[in-house]
Amino acid sequence: MKFFKIIILTIFFQSQAYALIEVDITRGNLNPLPIAVSPLFSNNDSNVKFEKIVKVNNVGHEISKIVENNLRQTGLFNPLEKDAFLQESEIAHLKPRFEDWNLIKAQALITGKVEIKDEKLRVEFRLWDVLAAKEMLALAFTTVPTNWRRVGHIITDKIYERLTGEKGYFDTRIIYVAEEGPKTQRIKKLAIMDQDGFNVKYLTLGNELVLTPRFNPTNQMITYLSYFRNLPRVYLLDIETGVQEVVGDFPGMTFAPRFSPDGKKIIMSFATGGNSDIYTMDLENRIVERITNHPSIDTSPSYSPDGKFICFNSDRSGYQQIYVMKNDGSNVKRISFGKGLYGTPVWSPRGDLIAFTKLHKGKFYIGVMRTDGSGERLLTENFYQEAPSWSPNGRVLIFYRETETNEKGEGFSAKLWSIDLTGYNERQVPTKTDASDPSWSSLLSN
Amino acid sequence: MILNKILKNTLLIVATCLILSACASTKKVSDIGGQIKDDVYVGEDTVEYLASGVPDRVFFATNESVLTTRSRDTLRKQATWLRENPNISIVIEGHADERGTREYNLALGERRANAAKDYLMTYGVSADRISVISYGKERPVDSGSNPLAWSKNRRSVSVKAN
Amino acid sequence: MYKSIFISTGFHFIIIIVATISLPFLAKTPIDLPPLVSIELIQITDKTSIPFAPKAKKIIEKIKKKEKERVVSEQAPPKKIKKEKPEAVPLPDKKIEEIKKIKEKKQNPEKIDTEVKQVSEFEKKEIFDPNSIAALIDKSKENIAETTKKTNKVTQSQDKNVELNGLSLSEEDALKAQIFGCWSIPLGLPFNENLLVRIKLKLKPDGYVIKSEILDHERMNRPGQGFYKVLAESALRAIRLCQPLRVPTTGYERWKDLQLNFDAGEMLGG
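Residues numbered from 1 in each chain as written. Chains lettered and ligands numbered in written order. Predicted model: local features only at pLDDT ≥ 70, side-chain atom pairs only at ≥ 80, totals over all residues. Heavy atoms only, no water.

### Brief notes about the overall build of chain C
Consideration 1: A tally of helices and strands in chain C yields eight helices and four strands.
Consideration 2: Of the regular secondary structure in chain C, the N- to C-terminal order runs α-α-α-β-α-α-β-β-α-α-β-α.
Consideration 3: Here chain C holds 270 residues, and the buried ones make up 32% of them.
Consideration 4: Taking all contacts inside chain C whose residues are at least 6 apart in sequence as the whole, residues at least 24 apart take part in 77%.
Consideration 5: Accessible surface, chain C: about 18900 Å² in total, of which carbon and sulfur atoms supply 58%. (Helix = DSSP H or I, 4+ residues; strand = E, 2+ residues; numbered from the N terminus. Buried < 20%, exposed > 50% of the residue type's maximum accessible area, 1.4 Å probe, protein only. Contact = heavy atoms within 4.5 Å. Areas by Shrake-Rupley, 256 points an atom, 1.4 Å probe, with all protein chains shown as cover.)

Right, dumping it as structure tokens:
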């Protein structure tokens, strides 16, 4: 249809007085966009005040470093070296000399200033199209100074949105399991951090085994599996109040929990007598509903963003495969038919894809497929990796990867990694300790 | 020319021999020192005893929860021992190796522990003396990343609860 | 265990020796057959269309490789350019005023209670929105355009009956190759959308752009088409980066109006 339209248009243009020459440009380079992040200007007075409050000097510099690092991590942008900048931040934040920025091959430029006034941090920034010598975006924020890192992330979100046409994913957090100790006696704690690995906080002490934490849609609650008193059960934790409670009153192990997209239900597996099935519990009226009823293992359930469907993992065919059903458990359909075993399906926040872990010929893959199982694409292969979690804009997956242990029991590590949907941009997400089971929050601001 | 012919023939026959023997050799490779039989660990390493002559654990094949003849033998010994000591109750811990996704392994561990529990019950041990817990891949007994270590980790272990 | 291996090896060895000596059929000289050569028939028309763009997959794979290298080896810093003395740039008065105005507009001090929850703590204000479509249509050089228009009118009538339409293949290739190098395709684009941006240019004889116009700019405002604007901007950037365009030295009338169809679909779709 589109093709047809183009043909018609072409004919139309050709019939003008004299033919308009058309040249088709079907190639370009896929290099990241060169962008200059000029340090945000902050005056001495503000710097002194800021240092008093957060013990970090030169706030403007620090915020621009956060922006720069975020942009680099996307793989879509190439922040240029500051040494090459010709214009100082004091002047640049007024009106850039575009020729200078053009000279160092910057195509976009970020300038701005920060000041502290009445205990408030005020940031102003502008995004410039260097080649067109035009402003593309200009915004100002006000917040408490302790939030300065988030300011950097929010700026990145806005720039990312302006330059890619999609929402960003920088003002977000990641909840994960921090790991320590030998493999046979691993100590695991719940931990939460900013998307870039800063501001780590531990939510449990490590006295009991904890696994698979997941955020609710408002990022204030976490559901996870805890072995408290050696009874593996799904728990609910309010991050702000620290209040914990067991979800439901099941006479056996509950595990693999996730929130429904409206945050009102928890969906999870309940195992008893050697059989795991999927259940939901309504958090308001505590009503428990059984969703699947099959003698096979049914686990790792995940809702579609509209809440109408559930994808899950089952071995009812004999081996682990991915299935989709309606939210009441009807219309169960197998969607994975490739070679190997499939697990941990997670529905993308955009609704168009399902991410999964695949085990084939002794290798683990993270991949995506459409919700009908077509278009399977494997993004990364490794010795062991699993449990992908989507960034809120549905472009990046975070997962964990474990390394091989040698005969002497050495060499084991578990780390968080991210990869984008193109499969190009694979990066380790920095964590102080070993880490596993990451879950990405939604955007904190908005 | 003749030398060349002999050389060619030699290569061809060696290749044929290798192809024919391929089937047999794969089994040998996985059968490390005779400690694994049909993907199930049959060695004595890591095995502890609940009482003299009563091993505490049984092993499974990859992704399986079927009890082998040897496992059933072990569990019958456990059942006898439990009937002789009616005051003892046990916890059966189900485990999986590290070559699976965490959530599926939790379910698999539960299935393995229950396979052992069901067998003990058919030999007259009452259900309220046996509880079950799954650790999935969280508590390996051998931390290695090799088929032998994995086979030792695919297990269900009976532990005295009191 | 070992015994059986020795016995087996021994017997195998004997078989090998016996077979080697006594199997004559393997030594037959092969029949000499000339190797098959496949011939592809190529229709030659007056307009040879050489497949220009190699398969996108290949390109992407190449880039992937490059990217990997880039990630592994620390990125080389761009060439250091000697810093000029940072003499404060005397800003034109008008521009300072402009900025001042903006400042005044947004200078209403906001009150924020300190107890706001973390989530709603940020107050965000748009200073002004320059994202109008008009901004994309380059009007800065409109006055030059008018002058050239006048001259155009004179020459137009003379050239009207020139039969040669379009650029020759080599002329087109030169222009294409140039723009391929300038166009950074935004990497965040969706895969399954129409990724065609058509831009109409008015050119000066030296290849500089007088005016550029995006033909489907109403598409930018449609919901879910936010990426289109990004794509259009990248195409405009490519044109600016490439100036002056590598246009033929003759026949200005032919190509003074030029349409470039930027299509990222082939690169990204694979």
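### Here we look at the sheet that holds strand β18 (residues 288-290) of chain A
Consideration 1: Overall, antiparallel pairing links the four strands, which are arranged β15-β16-β17-β18 (chain A) in an open sheet. Both edges of this open sheet fall to β15 (253-259) and β18 of chain A, since each of them pairs with a single strand only. Ignoring which end each strand starts from, the neighbouring axes of this sheet average 30° apart.
Consideration 2: With three bridges connecting them, strand β17 (residues 275-282) of chain A and β18 of chain A associate as antiparallel partners. Across the sheet, residue M281 of chain A finds its bridge partner in β18 of chain A, namely V288 of chain A.
Consideration 3: Sitting on the sheet, helix α3 (residues 102-122) of chain B touches β15, β16 (265-272) and β17 of chain A, and the angle it makes with β15 of chain A is about 160°. (Pairing = 2+ DSSP bridges. Axes fitted to C-alpha atoms, helices over the stretch in contact; angles between N-to-C directions.)

### Quick word on the packing of aromatic side chains
Consideration 1: Counted according to the given criterion, the structure contains 23 aromatic pairs over all chains.
Consideration 2: Aromatic side chains Y160 of chain A and Y169 of chain A sit 5.6 Å apart centroid to centroid with 75° between the ring planes, which places their arrangement in the edge-to-face category. For the pair shown, Y160 of chain A and Y169 of chain A are each scored as buried.
Consideration 3: Plain terms: the ring middles of F364 of chain A and Y384 of chain A are 4.6 Å apart, the flat faces sit at 55° to each other, and that makes the pair tilted. Placement of F364 of chain A in strand β25 (residues 363-370) and of Y384 of chain A in strand β27 (residues 384-390) is noted, with a sequence separation of 20 residues between them. Of the two residues, F364 of chain A and Y384 of chain A, neither departs from the other in class, the shared state being buried.
Consideration 4: A network of ring pairs unites the aromatic residues F77, Y160, Y169, F170 and W440 of chain A as a single cluster.
Consideration 5: Positioned over the ring face of W148 of chain A is R149 of chain A, at 5.4 Å from the centre of the ring.
Consideration 6: When the ring centre of F383 of chain A is taken as origin, the NZ or CZ atom of R99 of chain B, which lies over that ring, is 4.2 Å away. (Phe/Tyr/Trp six-rings, centres within 6.5 Å; stacked < 30°, edge-to-face > 60°. Lys NZ or Arg CZ within 6 Å of the ring centre and 35° of its normal.)

### Thoughts on the nonpolar core
Consideration 1: Core analysis: the largest hydrophobic core is formed by 95 residues, its most contacted members being I155 and I159 of chain A together with L260 and F262 of chain C.
Consideration 2: When residues of this core are assigned to their parent elements, the largest contribution, nine residues, is made by helix α6 (residues 226-242) of chain C.
Consideration 3: Both domain 1 (33-164) and domain 2 (174-440) of chain A contribute no fewer than three residues apiece to this core.
Consideration 4: Sequence-distant contacts of L260 of chain C, defined by excluding residues within four places in its chain, comprise V23 and I25 of chain A together with L175, I179, V197, R198, I199, L201 and I239 of chain C. (Core = buried A, V, L, I, M, F, W, Y, C linked by side-chain atoms within 4.5 Å. Domains from an automatic or database assignment.)

### Focus on the state of the cysteines
All names here are of chain C.
Consideration 1: Enumeration over the complete set of coordinates arrives at one disulfide over all chains.
Consideration 2: The disulfide partner of C182 is C242, and the S-S distance across this bridge is 2.0 Å. Its S-S torsion of approximately 105° makes the covalent link between C182 and C242 right-handed. In this pair, C182 sits in helix α5 (residues 169-182) while C242 sits in helix α6, placing the two residues 60 residues apart along the sequence.
Consideration 3: Since its relative accessible area comes to 12%, C182 is described here as buried.
Consideration 4: Residue class for C242 comes out buried when judged on its relative accessible area of 3%. (Disulfide = S-S within 2.5 Å.)

### Digging into the pattern of salt bridges
Consideration 1: Inspection of every chain in the model, using the stated rule, returns 46 salt bridges over all chains.
Consideration 2: R286 of chain A is the salt-bridge partner of E245 of chain A, the closest N and O atoms lying 3.1 Å from each other. Taken together, the residues span a long stretch of sequence, with E245 of chain A in strand β14 (residues 244-246) and R286 of chain A in the loop between β17 and β18 at a distance of 41 residues.
Consideration 3: A relative accessible area of 31% places E245 of chain A in the partly exposed class.
Consideration 4: The exposure class assigned to R286 of chain A is partly exposed, which follows from its relative accessible area of 39%.
Consideration 5: Through salt bridges with shared partners, a single network forms among E179, R186, K188, K415, D434 and D437 of chain A together with R102 and E138 of chain B. (Salt bridge = Lys/Arg side-chain N within 4 Å of Asp/Glu carboxyl O.)

### Let's talk about the confidence of the model for chain A
Consideration 1: On average, chain A scores 91 in pLDDT, and the residues at 70 or more come to 95%.
Consideration 2: Predicted confidence is poor over residues 8-16 of chain A, with pLDDT under 50, and the contacts of this stretch with residues over four places away or in other chains come to nine contacts. (pLDDT = per-residue confidence, 0-100.)

### What about the sheet that holds β14 of chain A?
Consideration 1: Spatially, four strands are ordered β11-β12-β13-β14 (chain A) in an open sheet, and the strand pairing comes out antiparallel. One side of each edge strand has no neighbouring strand; the edge strands of this open sheet are β11 (210-215) and β14 of chain A. Put simply, the sheet's adjacent strands are angled 25° from each other on average, direction ignored.
Consideration 2: Relative to strand β12 (residues 221-226) of chain A, β11 of chain A is paired through four bridges, and the arrangement is antiparallel. In the strand pairing of β12 of chain A, R214 of chain A is matched with T223 of chain A.
Consideration 3: Sheet contacts for α3 of chain B: β11 and β12 of chain A; angle to β11 of chain A, the most-contacted strand, approximately 135°.

### Topic: unusual backbone geometry
Consideration 1: Between Q243 of chain C and P244 of chain C the backbone carries a cis peptide bond, its omega angle lying at -10°.
Consideration 2: Checked against the element boundaries, P244 of chain C lands in the loop between α6 and α7 (252-255).
Consideration 3: Residue A256 of chain A is not a glycine yet carries a positive backbone phi of 55°.
Consideration 4: Mapping A256 of chain A onto the fold places it in strand β15.

### With respect to the packing of helix α6 (residues 148-164) of chain A against α6 of chain C
Consideration 1: Relative to each other, α6 of chain A and α6 of chain C sit at 75°, their axes nearing to 7 Å. The orientation of α6 of chain A relative to α6 of chain C falls into the category roughly perpendicular. Facing R162, L163 and T164 of chain A of α6 of chain A, the residues of α6 of chain C in contact are F227, K229, V230 and E233 of chain C.
Consideration 2: Here the contact of α6 of chain A with α6 of chain C is built from residues that sort into three nonpolar, one polar and three charged. (Parallel < 35°, antiparallel > 145°, perpendicular 65-115°, else oblique. Nonpolar A, V, L, I, M, F, W, Y, C, P; charged D, E, K, R; others polar.)

### A closer look at the side chain of Q195 of chain A
Residues and elements named next belong to chain A.
Consideration 1: Examined against the element boundaries, Q195 turns out to sit in the loop between β9 (187-194) and β10 (201-202).
Consideration 2: A polar side-chain atom of Q195 sits 2.7 Å from the main-chain carbonyl oxygen of F170.
Consideration 3: Once you skip the residues sitting within four places of it in the chain, Q195 turns out to touch N70, H153, Y169, F170, T172, R173, I174, V429 and W440. (Polar contact = N/O pair within 3.5 Å; in protein donor to acceptor, adjacent residues only side chain to side chain.)

### Comments concerning the pairing of strand β7 (residues 134-143) of chain A
Residues and elements named next belong to chain A.
Consideration 1: Of all 10 residues making up β7, nine are buried, and the element is well covered by its neighbours.
Consideration 2: Pairing of strand β6 (residues 120-129) with β7 involves nine bridges; the strand directions are antiparallel. Its bridge partner lying in β7, V123 is registered against F141.
Consideration 3: Where β6 folds back on β7, the antiparallel hairpin that results is connected by four residues, among which A133 adopts a positive phi of roughly 55°.

### Examining the pairing of strand β19 (residues 298-303) of chain A
Residues and elements named next belong to chain A.
Consideration 1: Extensive coverage of β19 is indicated by the burial of six of its six residues.
Consideration 2: Looking at chain direction, β19 and strand β20 (residues 309-314) are connected through four bridges and run antiparallel. Bridge pairing in β20 places S302 opposite C311.
Consideration 3: In sequence, β19 turns back onto β20 through a hairpin of five residues, with G307 there showing a positive phi of about 80°.

### Let's talk about helix α2 (residues 69-84) of chain B
Consideration 1: Over its 16 residues, α2 of chain B runs 23 Å from end to end, which matches the ideal 22 Å to within 8%, given 1.5 Å per residue.
Consideration 2: Taken together, the buried residues of α2 of chain B touch β3 (49-51), β4 (54-55), β5 (57-59), β6 (90-95), α3 and β8 (155-160) of chain B. (Expected span 1.5 Å × (residues − 1).)

### Regarding a nonpolar patch on the surface
Consideration 1: A grouping of I7, F11 and I14 of chain C is seen on the molecular surface, where their side chains present a nonpolar patch of about 310 Å² in accessible area.
Consideration 2: Residue placement: F11 of chain C occurs in helix α1 (residues 2-22). (Patch = residues over 30% accessible without salt bridge, like charges linked within 9 Å, V, L, I, M, F, W, Y side chains within 5 Å.)

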